[in-house]
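What follows is each chain in one-letter form.
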Amino acid sequence: MFLKKWVHLNQSKINFSKNAVLLFLFFQGITSVQAQQATAISLNDALKIAKENNKTIQKSHIEQRISEKEIAEAKNLRLPEVNFNAMYSRLSDLTEYEGGFFSDKHTYTPEPGTVIYDAVTKFEMPLYAGNRINNAIKKSKEENEIAKIKVEKTQNDIQLQVTTTFLGIYKMMELQKIIGESIKEEQERLKEVKAFKTFGTVTKNEVLRSELQLSDRELNSLTNKKNIRIALQELKTMLQLPEEAEIAIDTTGLLDIAPLKDYDFYFKETLENEEMRIANREVDIKKTALKIVKGSYYPKVSFFGNYNLKYPDYMLFTLNRPYLYTVGQIGVETSYNLSGLYKNKAKVQVANLKVELQKNELELVKNEMVDKVFRNHTQYQEIQDKLPVTDKALDLANENYRIVKVKYLNQLVLITEMVDADNALLQAKFNKVSTRIDAVMKHYELLHTAGLLNK
């Protein structure tokens with residue numbers, strides 16, 4: 001039966017909210033509420049709280065702040081490097097060879113001893129490095145832009161997950177109402193069948209069939225109630241509420257949505273959504289990385305200086321001057337890595353290929369987004385077209401149920417036809433409310449794809 005299948009399918013799919021990292025809380029002011037008192041949460045409240053307190057969103061904010069610090073770290077490459085080095089050592093005797101290693105030799109003992117002290121302070125400040133420092137700073141800024149966009153994307157993703165959770169619970173709640181009404185109908189029918197059996201107008205088999213139908217409804221009700229409790233518990237965990245807190249969802253105005261706009265509007269917005277913007281920034285980063293690699297072809301020019309405190313004085317090619325002395329240097333130093341002329345070629349080729357790869361990835365993301373927005377827009381229109389059909393189907397199911405019930409009360413049809421009419425009515429009722437909820441869900445998915453859910 002469709003209902004039993006739907007309930008068990010829903011039970012298997014109840015994990016829809018497990019991947020949704022949701023909501024922190026608006027219960028900060030309700031800590032004194034009794035555990036038995038359920039507090040209703042509206043969707044708008046949940047979305048606002050999630051935007052501010054959701055752990056995944058907070059993580060994306062932290063990553064953004066890290067990227068900002070990395071900009072400062074890259075800028076520090078412009079600052080001078082300052083080092084201090086101190087040394088203490090003892091010298092051995094000096095052996096001097098007049099010719100070769102096996103010629104006559106003389107041994108000298110350094111005076112005034114064998115101890116050397118050396119303290120050096122030096123600094124180096126880059127003046128030019130093939131524009132690698134400027135490009136490193138530029139790359140850090142581009143990565144920071146991606147981090148900001150990822151914050152927006154995370155907020156959009158979490159809001160869609162919150163909405164999915166709410167609408168999923170709402171659908172199960174509506175199903176529970178329908179099942180509850182059906183159980184009351186089945187209980188009344190069972191009384192009627194038992195009365196017929198007393199008068200001998202129906203067989204025991206029809207009583208058993210009616211009891212079986214009622215039992216099936218009651219089992220479906222128990223399963224659906226359990227699914228609702230599971231979903232609410234998961235929502236409570238997402239909201240990080242106290243374990244003893246009881247929550248419920250406020251469905252007021254939940255099905256009120258803005259009218260559907262034309263496809264071109266959503267298409268243009270999708271080309272500027274978070275995923276497209278991230279893909280574009282990734283191309284810029286790869287191009288900047290290519291410039292950094294090409295910077296290795298250029299020399300490095302630095303301004304440097306040092307100041308030395310030494311003992312003894314062996315600057316004059318003798319170890320017999322027991323004096324403490326100081327000496328300093330200041331100037332410009334140029335270095336050029338000649339091996340880079342042939343080693344850097346492969347690095348440049350790799351960097352170029354990465355640029356091409358990222359451009360290809362951009363096109364893939366664009367194709368995916370275009371297909372997704374077209375699919376969501378088409379499916380939304382399809383669901384809208386189904387709404388009048390479900391309304392008509394419910395009217396027909398109600399009329400069919402009325403006719404069959406009259407016939408059954410007059411003993412013109414069997415209990416099987418009554419059960420079929422009841423199932424058809426139950427399905428029509430559920431289809432109507434389910435289609436409306438699906439339309440709202442598809443609307444939110446369309447907004448999410450177009451990057452409009454957080455606007």
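Not measured: the values here are computed from a predicted model.

Thresholds, definitions, all that
- Within each chain, residue numbers correspond to sequence positions counted from 1 in written order.
- Under the rules for a predicted model, residues below a pLDDT of 70 receive no local features and side-chain atom pairs below 80 are neither given nor counted, while totals for whole chains, interfaces and linings still include all residues.
- Side-chain numbers here rest on the full set of heavy atoms in the structure, without hydrogens or water.
- Every axis corresponds to a line fitted to the C-alpha atoms, with the helix fit spanning only the stretch in contact, and the corresponding angles, defined between N-to-C directions, vary from 0 to 180 degrees.
- By definition, any uninterrupted DSSP run of H or I lasting at least four residues is a helix, any uninterrupted run of E lasting at least two residues is a strand, and each is numbered from the N terminus.
- By definition in this entry, angles of less than 35 degrees are roughly parallel, angles greater than 145 are roughly antiparallel, angles of 65 to 115 are roughly perpendicular, and the rest are oblique.
- Should the near helix be turned anticlockwise from the far one by less than a right angle, the crossing is left-handed, and should it be turned clockwise, the crossing is right-handed.
- Only Asp, Glu, Lys and Arg are considered charged, only Ala, Val, Leu, Ile, Met, Phe, Trp, Tyr, Cys and Pro nonpolar, and every remaining residue, Gly among them, polar.
- Throughout this description, the term nonpolar core refers to a set of buried Ala, Val, Leu, Ile, Met, Phe, Trp, Tyr and Cys residues connected via side-chain atoms within 4.5 Å.
- Using a 1.4 Å probe on the protein chains alone, a residue whose accessible area is under 20% of its type maximum counts as buried, one over 50% counts as exposed, and one in between counts as partly exposed.
- Lining residues are defined by having an atom within 4 Å of a point belonging to a cavity or pocket. Those points lie on a 1 Å grid over the protein atoms alone, cavities being sets where a 1.4 Å probe fits but cannot get out and pockets being open sets with protein on both sides within 12 Å along at least five of seven lines.
- Grid points are joined across faces, edges and corners, and a volume is the space filled by probe spheres set on the points.
- The working definition used for a salt bridge is a side-chain nitrogen of Lys or Arg within 4 Å of a carboxyl oxygen of Asp or Glu.
- The rule for pairing is simple: two strands pair if DSSP sees at least two bridges between them.
- The score called pLDDT rates the predictor's confidence residue by residue, from a low of 0 to a high of 100.
- We call two residues contacting when some pair of their heavy atoms lies within 4.5 Å.

**Q** Please clarify how the packing of helix α4 (residues 132-198) against helix α5 (residues 204-238) should be interpreted in this entry.
**A** Packed helices, taken two at a time, are described by the angle between their axes plus the distance between the axes. Contact geometry for α4 and α5: axes closest at 9 Å, N-to-C directions at 160°. In terms of axis orientation, α4 runs roughly antiparallel to α5. Seen along the crossing, α4 lies across α5 with a hand that is left-handed. Split by residue class, the contact of α4 with α5 holds 16 nonpolar, ten polar and ten charged.

**Q** Would you take a moment to explain the nonpolar core for this structure?
**A** What tends to happen in soluble globular proteins is that the nonpolar side chains get buried as a cluster. Ranked by size, the top nonpolar core spans 44 residues in total, and within it V162, F166 and Y444 carry the most contacts. When residues of this core are traced back to their parent elements, those giving at least two are α2 (43-53), α4, α5, β6 (246-250) and α9 (415-449). Membership of the second largest hydrophobic core comes to 16 residues, among which are V193, F196, V202 and L394.

**Q** Please clarify how empty space enclosed by the protein should be interpreted in this entry.
**A** To find the voids left in a structure, one rolls a probe of water-molecule size over its atoms. Across all of its chains, the model carries two cavities of 30 Å³ or more by this definition. Every residue along the wall of the largest cavity is listed here: K153, D157, N273, E274, E275, M369, K372, H448 and T449. Going through the elements one at a time, α4, α7 (274-294), α8 (340-409) and α9 are the ones with two or more residues in the lining of the largest cavity. Residue composition of the lining of the largest cavity, by class: one nonpolar, three polar and five charged. Each pocket or cavity is described by its volume, and for the second largest cavity that value is around 40 Å³.

**Q** In this structure, what is going on with the pattern of salt bridges? I would like to understand it.
**A** Taken as a whole and judged by the stated rule, the model has 18 salt bridges. The shortest N-O distance in the salt bridge between K153 and D157 comes to 3.0 Å. Note that K153 and D157 are positioned in helix α4 at a spacing of four residues, about one turn of the helix. The class of D157 is partly exposed, set by a relative accessible area of 22%. One salt bridge connects E186 with R189, and the closest N-O pair in it is separated by 2.9 Å. Taken together, the positions of E186 and R189, both in helix α4 and three residues apart, correspond to about one turn of that helix. Assessed through its relative accessible area of 1%, E186 is described here as buried. Connected through shared salt-bridge partners, D216, R217 and D422 make up one network.

**Q** What am I meant to see in the pairing of strand β5 (residues 115-128) here?
**A** Taken residue by residue, a regular strand's side chains alternate between the two faces of the sheet. Summarising the sheet, strand β2 (residues 81-90) and β5 pair through ten bridges and their orientation is antiparallel. Bridge pairing in β5 links N83 to K122. For β5 and strand β7 (residues 300-311), the ladder comprises eleven bridges, and the chain directions are antiparallel. When the bridges of β7 are listed, K122 appears paired with N306.

**Q** Before we go on, may I ask you to explain the layout of surface pockets in this structure?
**A** Approximately 250 Å³ is the volume found for the second largest pocket. As for the second largest pocket, its lining consists of A38, I169, M173, R229, L232, Q233, K236, A245, E246, I247, A248 and I249. Sorting the residues of the lining of the second largest pocket by element identifies α4, α5 and β6 as the ones contributing at least two each. Of the residues that constitute the lining of the second largest pocket, the class distribution is eight nonpolar, one polar and three charged.

**Q** Would you explain the packing of α8 against α9 in this entry?
**A** The geometry of α8 relative to α9 is characterised by a closest axis approach of 7 Å and an angle of 160° between their N-to-C directions. Considering the angle they form, α8 stands roughly antiparallel to α9. Helix-helix and strand crossings are classified by hand; for α8 and α9 the assignment is left-handed. Classifying every residue of the contact of α8 with α9 by side-chain character gives 19 nonpolar, ten polar and twelve charged.

**Q** Help me understand the confidence of the model for the protein in this model?
**A** Should the pLDDT be low somewhere, the predicted coordinates at that spot are not to be read in detail. Here the protein averages 85 in pLDDT, and 87% of its residues register 70 or above. Within the protein, α7 carries the highest mean pLDDT (95), whereas helix α1 (residues 2-12) carries the lowest (49). Residue range residues 12-35 is modelled with pLDDT below 50. Its contacts to residues more than four positions away, or to other chains, number 65 contacts.

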